[in-house]
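Residues per chain, in single letters:
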Amino acid sequence: MTRHYTVTAKSLHWLMALLFFGMLSLGFYMVGLPLSPQKLQIYSWHKWAGITIFMLALFRLAWRISHVPPDLPDTMSRIAKWLAHGAHWVLYVLMLCIPLSGWLMSSAKGFQTVWFGIVPIPDLLSRDRELGNLLAQVHGYLNWLFIAFLAGHILAALMHQFINKDRLLERMLPTRFFSK
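A brief report on the enclosed structure follows. None of these values were measured; they are calculated from a predicted model. (Residues numbered from 1 in each chain as written. Predicted model: local features only at pLDDT ≥ 70, side-chain atom pairs only at ≥ 80, totals over all residues. Heavy atoms only, no water.)

1. Digging into the overall build of the protein
Tallying secondary structure elements over the protein gives four helices and two strands in all. For the protein, the spread of C-alpha atoms along the principal axes amounts to about 55 × 30 × 30 Å. Across the 180 residues in the protein, those meeting the buried criterion constitute 37%. A fraction of 66% describes how many contacts in the protein between residues 6 or more apart in sequence connect residues 24 or more apart. (Helix = DSSP H or I, 4+ residues; strand = E, 2+ residues; numbered from the N terminus. Buried < 20%, exposed > 50% of the residue type's maximum accessible area, 1.4 Å probe, protein only. Contact = heavy atoms within 4.5 Å.)

Put into structure tokens, the structure is as follows:
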């Protein structure tokens, strides 16, 4: 039985955590901006990062499927373990669906994504303003759902570390952050 996640899993976890916190912050900021060249540039950055997150999420999911994670503590009930696994899979699904919904929305609204301003990403849908507006709502709701699951994930990790004291959080931390 392995006690920790692999270095690759840990690196992907923390990189994507930083990217998602940055994307959520950028998303909330940019929505309220008046139309300007700055707003269009920020939307471009948001879309570039979204495509990057989508590709990282695909890689992360492939890594997770091909590498067995550490077992959850025996002190956890079967229901708690089932809920933890379910919540993790919901987070994986959202890590894929959120950027995909943004890509679909951008396509339907007629705004092609050009990754890092160099690589044009094909539109997935033809231009349809009504569908684009619907997808904008879906994108927003998915982000709120992600925030709720992310908050639960963080609170559960902190609860395990500081209340249950089962050292569950340490499985995902770089080893230099704790001592045995």
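2. Topic: the pattern of salt bridges
The final tally for this structure, using the stated rule, is two salt bridges. The partner of Arg3 in a salt bridge is Glu170, with the nearest N and O atoms 3.3 Å apart. With a gap of 167 residues between them, Arg3 in the segment before helix 1 (7-31) and Glu170 in the segment after helix 4 (129-162) connect regions that are remote in the sequence. Note on Glu170: relative accessible area 6%, which makes it buried. Linked through salt bridges whose partners overlap, the residues forming this network are Arg3, Arg167 and Glu170. (Salt bridge = Lys/Arg side-chain N within 4 Å of Asp/Glu carboxyl O.)

3. Describing the packing of helix 3 (residues 78-108) against helix 4
Where helix 3 contacts helix 4, the axes come no closer than 8 Å and their chain directions differ by 155°. In terms of orientation, helix 3 and helix 4 fall into the roughly antiparallel class. Both helix 3 and helix 4 take part in a crossing whose hand is left-handed. Of the residues belonging to the contact of helix 3 with helix 4, the class tally is 19 nonpolar, seven polar and one charged. (Axes fitted to C-alpha atoms, helices over the stretch in contact; angles between N-to-C directions. Parallel < 35°, antiparallel > 145°, perpendicular 65-115°, else oblique. Left-handed = near helix turned anticlockwise from the far one by under 90°. Nonpolar A, V, L, I, M, F, W, Y, C, P; charged D, E, K, R; others polar.)

4. Details of the packing of aromatic side chains
In the structure shown here, the tally under the stated rule is seven aromatic pairs. Between the aromatic rings of Phe20 and Phe146, the centroid separation amounts to 4.5 Å while the plane-to-plane angle is 35°, which identifies the pairing as tilted. Taken together, the positions of Phe20 in helix 1 and Phe146 in helix 4 put the pair 126 residues apart, joining distant regions of the chain. Phe146 shares its class with Phe20; the two are buried. Every member of this aromatic cluster is reached through a ring pair, and the members are Trp48, Trp115 and Phe116. (Phe/Tyr/Trp six-rings, centres within 6.5 Å; stacked < 30°, edge-to-face > 60°.)

5. Some remarks on the nonpolar core
Judged by nonpolar contacts, the single largest core of 23 residues is most densely connected at Met16, Phe20, Met95 and Phe146. Mapped by element, the contributors of at least two residues to this core are helix 1, helix 2 (37-66), helix 3 and helix 4. Once residues lying within four places of it in the same chain are set aside, the contact partners of Met95 are Met16, Phe20, Ile53, Ala57, Arg60 and Phe146. (Core = buried A, V, L, I, M, F, W, Y, C linked by side-chain atoms within 4.5 Å.)

6. With respect to the side chain of His46
With respect to the helices and strands, His46 occurs in helix 2. Residues within four places of His46 in sequence aside, it is in contact with Met23, Leu26, Gly27, Met30 and His139.

7. Brief notes about the environment of Ile121
Note on placement: Ile121 falls in strand 2 (residues 119-121). Exposure remark for Ile121: the relative accessible area of 11% places this residue in the buried category. A sequence separation of 14 residues divides Ile121 from Ser107, and the C-alpha atoms of the two residues are 9.7 Å apart. Beyond its immediate stretch of four places on either side in the chain, Ile121 contacts Ile51, Trp103, Gln112, Thr113, Val114 and Trp115.

8. As for the side chain of Asn143
With respect to the helices and strands, Asn143 occurs in helix 4. Discounting residues that sit within four places of it in the chain, Asn143 has contacts with Leu24 and Ile98.

9. Re unusual backbone geometry
A positive phi angle, near 55°, is found at Phe116, a position not held by glycine. With respect to the helices and strands, the residue Phe116 is situated in the loop between strand 1 (113-115) and strand 2. At Arg167, a position not held by glycine, the phi torsion is positive, near 60°. Structurally, Arg167 is set in the segment after helix 4.

What is shown is where atoms sit, not what they do.
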